[in-house]
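This is what each chain is made of:
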Amino acid sequence: NPHRTMGDSHKGTKVFIGNLPPEAESRDLHDFFREFGKINDAWVARKPPGFGFVWFDDERDARDACRDLDGRDCLHNKVRVEISSNARRSGGGGGGGGGGG
């Protein structure tokens, strides 16, 4: 099946981390997010460096981490932390219910 590009949703809720220093590694992300809950996977970009992703087992843990860690220091860099959603953002915040199916 060629349509496997969105196939990481089984890993959990994907969180984007921006402004990472180039020397950051996935284990640094595990350490950074560890206190918030179970992490299923972590990945750090190399070309270009400066960002990464972690996948939380529980979406609530992911949201807590985003709220508490956005703007925090990770390896001496103030990092940006937010839910990475493939879905188009429908303006405004709030946790809309999951409709349709």
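Residues numbered from 1 in each chain as written. Predicted model: local features only at pLDDT ≥ 70, side-chain atom pairs only at ≥ 80, totals over all residues. Heavy atoms only, no water.

Draft legend 1. Structural context of the packing of aromatic side chains. For the structure on display, the rule yields 8 aromatic pairs. For the pair W43 and F51, a centre-to-centre distance of 6.0 Å together with 65° between the ring planes defines the contact as edge-to-face. Note on W43: relative accessible area 41%, which makes it partly exposed. Assessed through its relative accessible area of 23%, F51 is described here as partly exposed. The rings of F16, W43, F51, F53 and W55 are connected pair by pair, giving a single aromatic cluster. One cation-aromatic arrangement involves K11 over W55; the distance from NZ or CZ to the ring centre is 3.9 Å. Positioned over the ring face of F53 is K14, at 4.3 Å from the centre of the ring. (Phe/Tyr/Trp six-rings, centres within 6.5 Å; stacked < 30°, edge-to-face > 60°. Buried < 20%, exposed > 50% of the residue type's maximum accessible area, 1.4 Å probe, protein only. Lys NZ or Arg CZ within 6 Å of the ring centre and 35° of its normal.)

Draft legend 2. Region of interest: helix α1 (residues 26–33). When we look at burial in α1, the residues that qualify are D28, L29, F32 and F33. What you see down the axis of α1 is that its buried residues fit within an arc of 120°, all on one side. Lining the buried residues of α1 we find β1 (13–18), β2 (39–44), β3 (51–56), α2 (59–69), β4 (73–74) and β6 (80–83). (Helix = DSSP H or I, 4+ residues; strand = E, 2+ residues; numbered from the N terminus. Arc of directions from axis to C-beta. Contact = heavy atoms within 4.5 Å.)

Draft legend 3. Expanded view of the pairing of β6. Of the two faces of β6, only the one carrying V81 and I83 is buried; R80 and E82 on the other face are not. Looking at chain direction, β1 and β6 are connected through 4 bridges and run antiparallel. In the strand pairing of β6, F16 is matched with E82. (Pairing = 2+ DSSP bridges.)

Draft legend 4. Examining unusual backbone geometry more closely. Of note, the amide linkage connecting K47 to P48 takes the cis form, showing an omega dihedral of -5°. Relative to the helices and strands, P48 is located in the loop between β2 and β3. Positive phi values are uncommon outside glycine, yet L75 reaches one of about 55°. Mapped onto the elements, L75 comes out in the loop between β4 and β5 (77–78).

Draft legend 5. Summary view of the environment of G37. Note that G37 resides in the loop between α1 and β2. Not counting residues within four places of it along the chain, the set of residues in contact with G37 comprises F56 and D61.

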